[in-house]
Amino acid sequence: MTQQKITKKLKLPNVFILLLIVFFSCALLIFANFYTIKILSANRAYVNGESHYSKGQKDAVRHLITYIYTQEEKELQLFEKELKVPQGDGIARIALSHNGDDEVIKNGFRAGRINEKDLDDMIWLFKYFKSVSFLADAIKEWEEGDYLIHQLALVGHEVAHEINVSKLNLAEKQFLLQRISSISDKLTINEQEFSNTLGEGCRKIKDYLILTNIFFVLIIIGSVSTYYSKMVKKLLSSKKEIEVKNEDLTLANKELDKFVYSASHDLRSPITSLKGLIEIAQLEDDISQIKDYLNLMYKSLTKQDQFISDIIDYSKNKRKQVVIEPVNLTDLIEDAINQHEHIKSVKKITIKKEFEISNIHSDSLRLKIIFNNLLSNAIKYSDENKEDMHISIKTYSADKFHKIEITDNGIGIKKEFQSQIFDMFFVTNNKNKGSGLGLYIVKEAVENINGIITVHSESNIGSKFTVTLPKLYET
Ligand code: ADP
């Protein structure tokens, strides 16, 4: 698996996790807001209920006091009617505390003049939050209030009984009045405490809700920004990739243009010179002269042959896929030497071999192209003026690389040409002028198998080409 594929595999889940975080944060935010609003709405209904509770209790007290002084039966009935409001709430509270039937609870609240639409939320809040401190405190106040309401009801019965039995004297009336106002005062405190506790709870919940909202909004903003920055980075890097590919394509197009132009020119020139030589030979009677012309024709055709073989190598190198397989380096080099044996000058050259490695993993087609061209150049550019002409081929292992060196004591390459010899169609002004394709193809072939090629050369002394290849599967 390539490095690129691995990093892609690692990056994709990151983006996916970010989207998941945003999704869950949104879901939690909706959840938190929904339930907080439900809690606050139920709280408001309880506070509202308390105002009916308080009003009912106060109206009941007022009617009871009027009854004591007027002794009109209607006032007693009104007292009992108004008292049913807090008593209804009391019934609902007891049923709620004992997990009683919902209908009993609702009827209690209905008697307490609670709005029909608030009933479900109030029951839900009590059931699930009765142990939460603010509601637990409020329920305690409510319980104490209900006890005082019960006391008030008892006083009401007592008053009714006393009035039925005998008329109350002033002292008895004042005594009853004191008891009623004492109960009423205590109830007022309870009612206030109930509302205050719920109000305090509401404020706390509101604060928590704001904090929760801020927290989730920050998470969402953070995740979305990270997601976008990742996307923008991806876009930028793919834009860069496209730009690089475009540049490569432009370069390839330019090379192709150059190739077509030079190839058509170089293919034609030997034919033109052949035609010329044939024309002169036809006019010539001298056999030895004709032999010279034939010799020149042969050279022209050899050049043409070499050029066509270079073009074939160029095409193979471009089109054929790299196939990494076990190859025998020694055999490949020996084959390349054998292919050059028929050349006249080879006989005068000593070829030294020093093979330290043989079996490697690489692409045999590219290696053949590399060896044939480097060896052919070493022969082609040998220095006939030297008595001891030699070429040395060396293979060895260095750290994580295989090295192949082809050294000759030929004519060498002038310093000013050394940076251009790997360019397409570059030739120096020497008499063995070739196609200028050989080293270009060699460099491409070396790069195709992830290697590098370097040259070290001195004019009139010789040249050394070093090919460095990575060890792919060898230890
Ligand atoms: P060519 O067909 O001209 O040999 P190459 O691309 O193989 O084309 O080589 C480019 C140039 O590099 C040659 O024209 C030659 O001047 C120089 N060159 C390549 N190999 C050697 C060598 N072993 N010794 C001296 N000069 C060389």
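Residues numbered from 1 in each chain as written. Predicted model: local features only at pLDDT ≥ 70, side-chain atom pairs only at ≥ 80, totals over all residues. Heavy atoms only, no water.

Remarks on the packing of aromatic side chains
Centre distance and the angle of the planes are the two values used to describe a pair of aromatic rings. Rule in force here: Within 6.5 Å between ring centres, the rings of Phe, Tyr and Trp (the latter by its six-membered ring) count as paired, and their orientation is classed by plane angle as stacked under 30 degrees, edge-to-face over 60, tilted in between. The classification of residues rests on relative accessible area computed with a 1.4 Å probe and restricted to protein chains. Under 20% of the type maximum is buried, over 50% is exposed, and intermediate values are partly exposed. The criterion is that NZ of a Lys, or CZ of an Arg, lies within 6 Å of the ring centre and within 35 degrees of the ring normal, and then a charge sits over that ring.
Taken as a whole, this structure holds 18 aromatic pairs when the rule is applied. Ring plane angle 70 degrees and centroid distance 5.3 Å describe the contact between F215 and F216, whose orientation is recorded as edge-to-face. Judged by relative accessible area, which is 49%, F215 ranks as partly exposed. Residue F216 is classed as buried on the basis of its relative accessible area of 12%. In textbook terms, an aromatic cluster arises when at least three aromatic residues are bridged by ring pairs, as seen for F31, F34, Y35, W124, Y128 and F129. The lysine or arginine in question, K394, covers the ring of Y396, its NZ or CZ lying 5.0 Å from the ring centre.

Brief notes about the domain arrangement of the chain
As a reminder, the rule being used: Segmentation into domains, and thus their bounds, comes from an automatic or database assignment.
For the chain, the assigned domains are domain 1 (3-231) and domain 2 (324-470). For domain 1 versus domain 2, the separation of C-alpha centres amounts to 95 Å.

Digging into the sheet that holds strand 5 (residues 401-408)
We count it as follows: For two strands to pair, DSSP has to find at least two bridges joining them. Comment: elements are numbered from the N terminus, with helices defined as DSSP H or I runs of at least four residues and strands as E runs of at least two. Lines fitted to C-alpha atoms define the axes, with helix axes restricted to the stretch in contact, and inter-axis angles between N-to-C directions lie between 0 and 180 degrees.
Taken in spatial order, the five strands of this open sheet run 2-4-5-7-6, and their pairing is mixed. Only two strands of the sheet have a single partner each, and these edge strands are strand 2 (349-355) and strand 6 (452-458). Going across the sheet, the axis of each strand differs from the next one's by a mean of 10 degrees, ignoring polarity. Alignment of strand 2 against strand 4 (residues 389-398), held across seven bridges, turns out to be parallel. Its bridge partner being in strand 4, K353 is matched across the sheet by I393.

Section: the site of the ligand
For the record, the criterion: We call a residue near a molecule or strand as soon as one heavy atom of that residue lies within 4 Å of the molecule or strand. Reported accessibility uses the Shrake-Rupley method at a 1.4 Å probe radius. Residues are deemed covered only where the shown protein chains occlude them.
Near the ligand, the surroundings consist of 20 residues, among which N377, Y381, T428, S435 and L439 are the closest. Protein chains bury 98% of the 530 Å² of accessible surface belonging to the ligand in isolation. Listing elements by their share of the shell around the ligand, those giving two or more residues are helix 9 (364-380), helix 11 (438-448) and strand 7 (462-470). In terms of residue count, the dominant contributor to the shell around the ligand is helix 9 (three residues).

Remarks on the packing of helix 7 (residues 287-319) against helix 11
Pairs of packed helices are described in terms of their axes, by the angle between the two and the distance that separates them. Spelled out, the test is: Angular relationships are summarised with four words: roughly parallel below 35 degrees, roughly antiparallel beyond 145, roughly perpendicular across 65 to 115, and oblique for the angles in between. Helix crossings fall into two classes, left-handed where the near helix is turned counterclockwise from the far one by less than a right angle and right-handed where it is turned clockwise. Pairs of residues are marked as contacts when any of their non-hydrogen atoms sit within 4.5 Å. Amino acids are sorted into nonpolar (Ala, Val, Leu, Ile, Met, Phe, Trp, Tyr, Cys and Pro), charged (Asp, Glu, Lys and Arg) and polar (every other residue, Gly among them).
Where helix 7 meets helix 11, the axes come as close as 10 Å, and the angle between the chain directions of the two elements is 20 degrees. By the angle between their axes, helix 7 is roughly parallel relative to helix 11. For the pair helix 7 and helix 11, the sense of crossing is left-handed. Touching D310, D313, Y314, N317 and K318 of helix 7 are G438, Y440, I441, E444, A445 and N448, all from helix 11. Here the residues of the contact of helix 7 with helix 11 are counted per class, giving four nonpolar, three polar and four charged.

Thoughts on the pattern of salt bridges
Quick reminder of the rule: Here, a salt bridge means any Lys or Arg side-chain nitrogen found within 4 Å of an Asp or Glu carboxyl oxygen.
Per the counting criterion, the structure on display carries 21 salt bridges. Here E243 and K239 are joined by a salt bridge, their closest N and O atoms 4.0 Å apart. Of this pair, E243 and K239 both sit in helix 6 (residues 170-283), four residues apart, roughly one helical turn. For E243, a relative accessible area of 41% puts it in the partly exposed group. Two residues, K353 and E334, come together in a salt bridge whose shortest N-O distance is 3.1 Å. Linking K353 in strand 2 with E334 in helix 8 (residues 329-339), this pair joins segments that are 19 residues apart in sequence. With a relative accessible area of 43%, K353 lands in the partly exposed category.

Overview of the packing of helix 4 (residues 119-129) against helix 5 (residues 133-165)
The N-to-C vectors of helix 4 and helix 5 enclose an angle of 110 degrees; their axes lie 10 Å apart at closest approach. As judged from the angle between their axes, helix 4 and helix 5 are roughly perpendicular. Residue-level contacts link L125, F126 and F129 of helix 4 to L135, I139 and W142 of helix 5.

Observations concerning the environment of E341
Looking at where E341 falls in the secondary structure, it is placed in the loop between helix 8 and strand 2. Given the relative accessible area of 47%, E341 is considered partly exposed. The spacing of E341 and K130 is 211 residues in sequence and 104 Å in space, taken between C-alpha atoms. Once you skip the residues sitting within four places of it in the chain, E341 turns out to touch V346 and K347.

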